[in-house]
Each structure stands twice: as structure tokens, then as C-alpha cells.
Amino acid sequence: MTMSARTSRMLRRAAWPRRTADLRHVRTIGDLVECPGCGLFQRRPPLQAGELAACARCGQTLEWRRRTSPLQTPLAFCISSCALYLAALASSLMTLDVYGRERTVDLITGPMELLHEGWGEAGILVGLVTVAAPAVVISMMFAILYAASRRHMPDWAPHLLIWYEKMRPWSMIEVYVLGIFVAYTKLTDLARVDVGPAVYLISALMLTMAATDSTLDTERIWRHRRVEAVTRQEDGQRVAVSNVHIDDIPLPPVDHLVACQSCGLVGELGAPVSNLRCVGVCPRCGHRVWRRAPDTLARTSAFLMAAVIFYFPANLYPVMTFFKLGGGGGHTIIEGAIELWEDGMIPLSLLVFFASILVPMLKILSLSWMVIGTWMGSSFALVPRTRLFRVVDVIGRWSMIDVFMVSILVAVVRFNSLANVTANAGMVAFASVVVLTLFAAWSFDPRVMWDAAGLNGPSPDGVASAAVRARRAGRRAAGTDRMEPRQA
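Just so it is clear, the model here is predicted, and its values are computed rather than measured.

## Thoughts on the sheet that holds strand 12 (residues 266–268)
In a beta sheet, neighbouring strands are held together by backbone hydrogen bonds and run either parallel or antiparallel to one another. Taken in spatial order, the five strands make up an open sheet running 9-10-1-12-11, and their pairing is mixed. If you trace the sheet from one side to the other, it starts and ends with strand 9 (230–232) and strand 11 (257–259), each paired once. Averaged over all pairs of adjacent strands, the angle between their axes in this sheet comes to 35 degrees, without regard to strand direction. The sheet contact formed by strand 9 and strand 10 (residues 238–245) spans three bridges and is antiparallel. Bridge pairing in strand 10 links V230 to A240.

Have a look at this one:
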């Protein structure tokens, strides 16, 4: 029995020699950063106020030193956002007068009407991104700024800052403002429309929330956070951590380096780092550290296939049905853009066409190109592909314009036989396309495009044969497997 247990332990050690060695010798390297776009490790130069550092290979901004105060300025904008948000909740959005009958709506009316009509998924989505998410984001920002002002940042602050980065894209106030404008243009032909104070308050809220993000220097906040002397591996084993500066050491082998995708801290491990396994916990923010986003290609492909399935009914089925004095019918997305064009609203028509029809299609095609190119190990147009990914990641939310427009029209046009607007299945399908393409973009790690082309050093994991050939060709052309740091 004793021999069996001893043999079992020996077999386990032989089967997993690298798992315990990966984090046995860990040291963090100050002022060394990894580009989130291409995976290049490079030295971060000291920055003065108003300066920014960009990646030497793909051009992505790595750090931007603001001219404003790192805490007081975002705090002032955050306080303004809180006041505007509370005032917008208590104010009316717009009032519609149809033959002497009036109806006034606010921010919550649209999601509630969608729920009453049986479109609960769309109603919950609209309520989350227009009412709940802004409140959560503003509250989290208050807590983050309070924690950053403390001499020692509390242990809960890093997790809050990570979740803020994840939650911020779901606050779609700026997209909702455009949805209001589109709905207003459609209502002016129906009856007299009075814009309520909430429209101006939401517009101001859009500006203050954007100003809060633009003046917040997250890198300074992370530097205010201490690096723990001990961390732990995925299996719970505790490991000591030492700290060095990039100017004091030569750049370690690239395949031994890993950067935390939450706080950006770069660490050196004692063995090549696997792309397929979590290597442990970040000693600064406590987030699980992966060298690359787990299952990035598989998850992105799954979201893209689901988005393609919903894309066709989203454009073929009507998103709403408009009745006026017994007449009317269903309206698809393209019919809504054509109607705006015929009414002389050409800029708004082009905006709806671009945001609601072209953007989802271009996102699907662009991400598909990136996934296929990565599977094939292609090195063609890596820099344009990386920049295209940044564009796709930014503009994806703006496709929600039509969903917000329908929620406003459903809320305000409720006059029975005189005039009425109801939501249709096309709206739910279109909202599904927007959400799925957002998940697809957030699941994709653009660094794997450069990995597959062999430009980020050797990998201990198995890859496709085409990627192996490209990697070997890249190493022969470079003449070395090591990459020197570059000043951005």
C-alpha cells in the first residue's frame, strides 16, 4: 500500500514537471509593458504631462499621461455625472400630443413597455444598459477614486477597477442619445412632440462620463497599489515574488514573460509559459493570469456563428409595427433608413444605415478574417488587422441605436386606435446580433494573430502546421528568438 502511494506520487510528478516549475521563480519587472494589440514587450519611457507612449510595432497607445489632476479632476466629473443621472431619472424624456391626448414618458417607461408586450429579453437589455449600468459605473468610479486617495489602497479596490473596465462598455448613454434623436424625427410627422429635461440631462451625462474616463489615469492608480511579496499558483502553491527594473537586467526570453491583462504587471517565470493554462494569481491585483485569453479562437468563432444566424432575421423581419388611424404596418431596419432619407433627414438616414446595417456586417466579416488568418498562421497585413480590431471593438455598441429607438417609440406612442407602436421579433433578433458581436470582439485576443505568424517568440504549445512554418520563417529572418525592449 505504501509502495503504491509512493509510485502514484512519482508518476504525478513525472506527468506534470512544468506545472510546479512555472511559478517557482517569479520576479516582476518594472517599466516593462506588453502591447495588448500585438504582444510586443518593450520598455516604457518616463512620460511628462500630455505625452503618450505608443507601441513601436503596431502603434497602439500603451500609456497616456494626462495634464489634469489624476484624482481631483475625474472626481469632479464623477460628481457631476451622479447629479445629472439622478436628475435625469426624475425628469420626463418627452411628451407626445396626438389630437389633444398627451403621453409623457421617462427613462424607465421604454423597458417597462417592452416587458408588458412580452419582449422581456429586449426590455431587460435596454433597462440594464440605460438605467442600471450607468448607476453601477458611476458608483464604482466613486469607490475607485476613494480607494486611490488612500495612502494604502484597500484590497477590494483592484477587483473593483477590473470590473469597472468590464462594465463601462455596457453603459450606453451616448448611444441612447442618438436613439432619442432618431425617435424624435419619426415622431414629428405623427404629432406635436415636446422634448423633456431628461434629454438635455442625458446629453450632459454623456459628456461628463466621457470626461471622467478621459481624465482617469489608471496606470497611476495601479502604481499606487503594492506588489505582494507572495503569490500563489493555480493549484494553491505559494510562491515568493521579487521585484526588479528593466534597466537593471537584460530582457529575459520572451516565452518566459507574461503580463497581467488586468493591471499590466509583467512577470518573469522560470520556464516557458503555456498559452493554454492559467499560470497563477497576479501579486498586484489578485486577478488570474493567462498569457493569452483562454480559448480565444473557439469562443470568438462560436459567437460569430450565432451572430450570423440572427443577422438574417434581424434584417428580414420588421423591428416594429406603426399604426396611425387604422393604417400602417411593419418596418424593417432598412425601411426605417429609407424613410428618413425620403423625409430629407439624409445625415440621420446614413447614420442609421451605417450603425444598424453596415457595422454588424463589417464586424462579422472583420472578426472572421482575423480568426481565419490566425488559424492559417498568416502574416499578411498584421498591423492593419490589429488596427481594424481596435475600430471594431470601439464602434460595436453604436449598433444599439435602433433598439433604443424602438423602446422609445413603444413607450410614447400608446394611443390605441389613434396611433400605436409595437415591437416585433426583428428587434429582438437585431439586439441579439449586437450583443453576440460584442461578446465576439471581447473574446478575441489580437495578440494570437502575431503569435500564429511567429513574431512573438517560441511557444511551448502545439499549433497548426502553417503557423509552425510561419514561426520558423520569422525566426530565420530575425536571426534570434529573443526580442529586445523598444522605447515607445
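## A short note on the side chain of S356
Mapped onto the elements of the fold, S356 is located in helix 12 (residues 346–376). For S356, a relative accessible area of 0% puts it in the buried group. Here D402 takes part through its side chain, which lies 2.3 Å from a polar atom of the side chain of S356. Ignoring sequence-local partners within four residues, the contact set of S356 consists of I333, S399, D402 and F430.

## Some details on the sheet that holds strand 6 (residues 94–98)
Here we have three strands laid out as an open sheet, ordered 7-6-8, and antiparallel in their pairing. The open sheet is flanked by strand 7 (101–105) and strand 8 (192–195), the only strands paired with a single partner. Ignoring strand direction, the axes of neighbouring strands in this sheet form an average angle of 15 degrees.

## What about the packing of helix 7 (residues 173–187) against helix 14 (residues 401–412)?
Between helix 7 and helix 14, the least distance of the axes is 8 Å, while the angle of their chain directions is 50 degrees. Between helix 7 and helix 14, the angle is such that the two are oblique. Regarding helix 7 and helix 14, the two cross each other, and that crossing is right-handed. Every residue of helix 14 that contacts helix 7 at V175, Y176, L178, G179, I180, V182, A183, K186 and L187 is listed here: I401, F404, M405, S407, I408, L409 and V412.

## Side note on the packing of helix 7 against helix 12
The N-to-C vectors of helix 7 and helix 12 enclose an angle of 125 degrees; their axes lie 11 Å apart at closest approach. Taken together, helix 7 and helix 12 sit at an angle that is classed as oblique. Crossing of helix 7 against helix 12: the hand is left-handed. For the pair formed by helix 7 and helix 12, the contact residues are L178, F181, V182 and T185 on the first element and L348, L351 and V352 on the second. Split by residue class, the contact of helix 7 with helix 12 holds six nonpolar, one polar and no charged.

## Here we look at the packing of aromatic side chains
Inspection of the entire model under this criterion finds seven aromatic pairs. A ring pair is formed by W170 and F439, whose centres lie 5.8 Å apart and whose planes are at 55 degrees; its orientation type is tilted. Residue W170 is found in the loop between helix 6 (156–167) and helix 7, and its partner F439 is found in helix 15 (residues 425–443); the two are separated by 269 residues along the sequence. According to the relative accessible area criterion, W170 is buried, its value standing at 18%. Through a chain of ring-to-ring contacts, the aromatic side chains of W170, F303, F439 and W442 assemble into a single cluster.

## Remarks on the environment of A122
Mapped onto the secondary structure, A122 falls in helix 5 (residues 120–149). For the pair A122 and F404, spaced 282 residues apart in the sequence, the C-alpha separation amounts to 9.7 Å. What A122 contacts, discounting residues up to four positions off in sequence, is L114, M427 and V428.

## What to know about the pattern of salt bridges
Taken as a whole and judged by the stated rule, the model has 27 salt bridges. Note that E117 is salt-bridged to R414, the shortest N-O span being 2.6 Å. On the criterion of sequence distance, the pair formed by E117 in the loop between helix 4 (109–116) and helix 5 and R414 in the loop between helix 14 and strand 17 (419–423) is long-range, its members being 297 residues apart. Classification of R414 as partly exposed rests on a relative accessible area of 27%. Close ionic contact of D194 with R192 constitutes a salt bridge, the shortest N to O distance being 2.7 Å. Classification of R192 by relative accessible area gives partly exposed; the value is 43%.

## Overview of the pairing of strand 6
Judged by how many residues are buried, strand 6 sits mostly within the fold: five of five residues are covered. Burial along strand 6 is two-sided: M94, L96 and V98 facing one way and T95 and D97 facing the other are all buried. Across five bridges, the pairing between strand 6 and strand 7 is antiparallel. When the bridges of strand 7 are listed, V98 appears paired with R101. Here strand 6 folds back onto strand 7, and the loop between the two strands holds two residues, one of which, Y99, carries a positive phi near 50 degrees. Of the pairings in the sheet, the one linking strand 6 to strand 8 comprises four bridges and is antiparallel in character. Looking across to strand 8, one finds that T95 is bridged to D194.

Rules of the game
Residues numbered from 1 in each chain as written. Predicted model: local features only at pLDDT ≥ 70, side-chain atom pairs only at ≥ 80, totals over all residues. Heavy atoms only, no water. Pairing = 2+ DSSP bridges. Helix = DSSP H or I, 4+ residues; strand = E, 2+ residues; numbered from the N terminus. Axes fitted to C-alpha atoms, helices over the stretch in contact; angles between N-to-C directions. Buried < 20%, exposed > 50% of the residue type's maximum accessible area, 1.4 Å probe, protein only. Polar contact = N/O pair within 3.5 Å; in protein donor to acceptor, adjacent residues only side chain to side chain. Contact = heavy atoms within 4.5 Å. Parallel < 35°, antiparallel > 145°, perpendicular 65-115°, else oblique. Left-handed = near helix turned anticlockwise from the far one by under 90°. Nonpolar A, V, L, I, M, F, W, Y, C, P; charged D, E, K, R; others polar. Phe/Tyr/Trp six-rings, centres within 6.5 Å; stacked < 30°, edge-to-face > 60°. Salt bridge = Lys/Arg side-chain N within 4 Å of Asp/Glu carboxyl O.

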